[in-house]
Amino acid sequence: MGSKIVSDANAFVKFLKLCQDENKENCTYMDNISVLLVEKEELLHDIITGNQPVFVCEKAQPKCEPEATETTADTSVVEDTLFKVEQDPGPQPLSVMKARQLLSWYTMAHNPNMPQVEAPGTLHPLWVRCDKSDPCATTWLGVETVFSGNKTSGVKLYTVSCKGPTTDETSFTTLDELKQEHEKRHHASTVATKGYAQYNLFCSLKEESMIFESQSSVIASLTWNNVEKVLECPPLSSKASLNIKVAVGDIRSPLYQTHREMEFLLALAEGLRTGETEWLEPMETQSAVDLTRSLVEELENVAQGVAGHAAKASEKQKAKTDATAAFSSMVIERGDLDFTEQLWEKMRKSVTSYQDITECLKIVVKAVKLGKIKPWIHKDSNSTLSKMIVQSYQQQIDAMPLTGLTPANMLLELGLDKIRKDFINYLVGKELTTLNYLSYYLDTEVDLQEQVIRVRKLHHLLEILGTCSTFLSLPHDRLFLFTQSCLQYYKTSNYDEDHVFQLQIKPALISYFYEKEQPFSWAMEVSSGQGSKEVKTALYLSDKPLVDHISFDLDVPLDVSVNEESEMSYYRTMVSCSLISFT
């Protein structure tokens, strides 16, 4: 073997070993090859599975050199250093020939039959971006070691080829052709087949010739054995899961009105935290002060006609008409809003300044202190104003100076109290959880800002359940288990609308949504062997390319109207594997 080949192989694997030992995420080899250490295979999309880190080799990006220029002003000369700003071209591939050379060096280093090349120990798998310059249109080449016990017994070589999108199903590789390709490489006597499909159950809503894009998604992922043909619909015996991501604020959500309520609560909390408040546009034409005064005067009139707590019936009746349909068809309307909850509803829709809050609460506190009103309050209410009203029943009211940020904090307490009761009303009322399981989210001993964070998490949970119950119509037992999972997740995790929640489900419960639809991703694989010697050949069909460093010729017209029904166009990706034994 040529000494240059050996020295090149030794230099390359030593470089990889150094990157691995020092956990360097981005290194440059020989000035023109970038070596990335990727903790998860996000760069490889769904082409390979597993959690171990991998090396990814690609063409190094050229460095931008600074230019020194002089800018002349009226009375002075200013020197600026300008950098050439170019559009990021994204990851760039290496030639297929160069990729094969890198893989050969990696393989030689792990082959115990080649002592000339120094063994580096165990290296992460190596993947190289390719420019599809060969007849097979190769876009990735990969290699990983295979072990027998603690010893390296061989390597697996992967080849990924990809073709541009087409709607012509006759151009797709058939199941028989995929089997023949596998058997040609591995001479297997028996093979197994497996299918994968993904459907977007929560697509864009087409309405009045417009498309409303949603940041929410409900993806059904199904897997099954014994594939019979390309693009077949998953059988009801498949394993299925829902991957649910819900962004709050979608106008189609059954919780949209609650989102508006949470918007005000969050704006108020943020203002108290930072000292700068961005007030929302009022939803009422009347001022906050006038609405508060009207509410108090109405209670005064009731108090004059009926003594004591007889006003409760009137307030409850008013609550039924005053309360917004907070959960639309998803939740039974609460008909028991107490006085402080009604006050919150009035103020959140009309307040535009801290002065508004102060003036409104002055009206209420004065009426309570003078005994003009003795409104009904929920016994478990925890706000400062609620406690003062309860004290007024015994004519024992503590001094309450409405100065500084005190009024704003009091209003925030009212909102937290009301919204918590709304969420309890649904979650416990629908028997999706218990008060005990909600204790973390209902804790009023933590500071107000932390209470807001926890209520916001509950709101996100309710948005997710709204999608599952009203859109998917999932049965109670699935919703119950899903609720417990989400509650447990948010006890230890930060608020995150991008988090994807997963729910295992029977295909029969969602087949109505996907059986007449086209999957946005479909795959079949042929496999043989077991354990570390298992090898696969797979075909992926996807609405987006699984390769992000190559441009493709489009075989589909670009002028198709968004409202026209059209066949799904698929990118075609083939993944093949070869097992090379050293023994």
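Our subject is the structure that appears above.
Residues numbered from 1 in each chain as written. Predicted model: local features only at pLDDT ≥ 70, side-chain atom pairs only at ≥ 80, totals over all residues. Heavy atoms only, no water.

Colleague: Would you take a moment to explain the nonpolar core for this structure?
Modeller: Leu201, Leu242, Leu385, Leu412, Leu458, Phe482 and Trp522 are the most contacted members of the largest nonpolar core, which has 96 residues in total. Look past the residues within four positions of Leu242 in its chain and what remains in contact with it is Leu201, Val218, Ile219, Ala220, Leu472, Leu474, Phe501, Gln502, Leu503, Ile505 and Ile510. Core analysis: the second largest hydrophobic core is formed by 32 residues, Cys19, Tyr106, Val155 and Phe582 among them. (Core = buried A, V, L, I, M, F, W, Y, C linked by side-chain atoms within 4.5 Å. Buried < 20%, exposed > 50% of the residue type's maximum accessible area, 1.4 Å probe, protein only. Contact = heavy atoms within 4.5 Å.)

Colleague: Would you mind going over the packing of aromatic side chains with me for this structure?
Modeller: The geometry of two aromatic rings is summed up by the distance between their centres and the angle between their planes. A complete count under the given rule lists 20 aromatic pairs for this structure. Taking the centre distance of 4.9 Å and the plane angle of 90 degrees together, the rings of Tyr440 and Tyr441 count as edge-to-face. Each member of the pair, Tyr440 as well as Tyr441, is classed as buried. On the numbers, 5.2 Å between centres and 80 degrees between planes, the contact of Tyr489 with Phe501 is edge-to-face. (Phe/Tyr/Trp six-rings, centres within 6.5 Å; stacked < 30°, edge-to-face > 60°.)

Colleague: It is not clear to me how the environment of Ser238 should be interpreted in this structure. Could you clarify?
Modeller: Relative to the assigned elements, Ser238 resides in the loop between β12 (217-225) and β13 (239-245). Relative accessible area serves as the criterion here: at 7%, Ser238 is assigned to the buried category. On a C-alpha basis, the gap between Ser238 and Lys506 in space is 8.1 Å, while along the polypeptide they are 268 residues apart. If we skip the residues at most four places from it in the chain, Ser238 touches Leu222, Thr223, Trp224 and Pro507. A distance of 2.6 Å separates a polar atom in the side chain of Ser238 from the backbone oxygen of Pro235. (Helix = DSSP H or I, 4+ residues; strand = E, 2+ residues; numbered from the N terminus. Polar contact = N/O pair within 3.5 Å; in protein donor to acceptor, adjacent residues only side chain to side chain.)

Colleague: Help me understand the packing of helix α9 (residues 384-392) against helix α10 (residues 406-427), please; the structure alone is not making it clear to me.
Modeller: For any two helices packed against each other, the geometry comes down to the angle between their axes and how far apart the axes lie. Where α9 meets α10, the closest approach of the two axes is 7 Å, and the angle between their N-to-C directions is 90 degrees. Taken together, the axis directions place α9 and α10 in an arrangement best described as roughly perpendicular. In contact with Thr384, Leu385 and Ser386 of α9, α10 contributes Met410, Glu413, Leu414 and Asp417. Across the contact of α9 with α10, the residue classes tally to three nonpolar, two polar and two charged. (Axes fitted to C-alpha atoms, helices over the stretch in contact; angles between N-to-C directions. Parallel < 35°, antiparallel > 145°, perpendicular 65-115°, else oblique. Nonpolar A, V, L, I, M, F, W, Y, C, P; charged D, E, K, R; others polar.)

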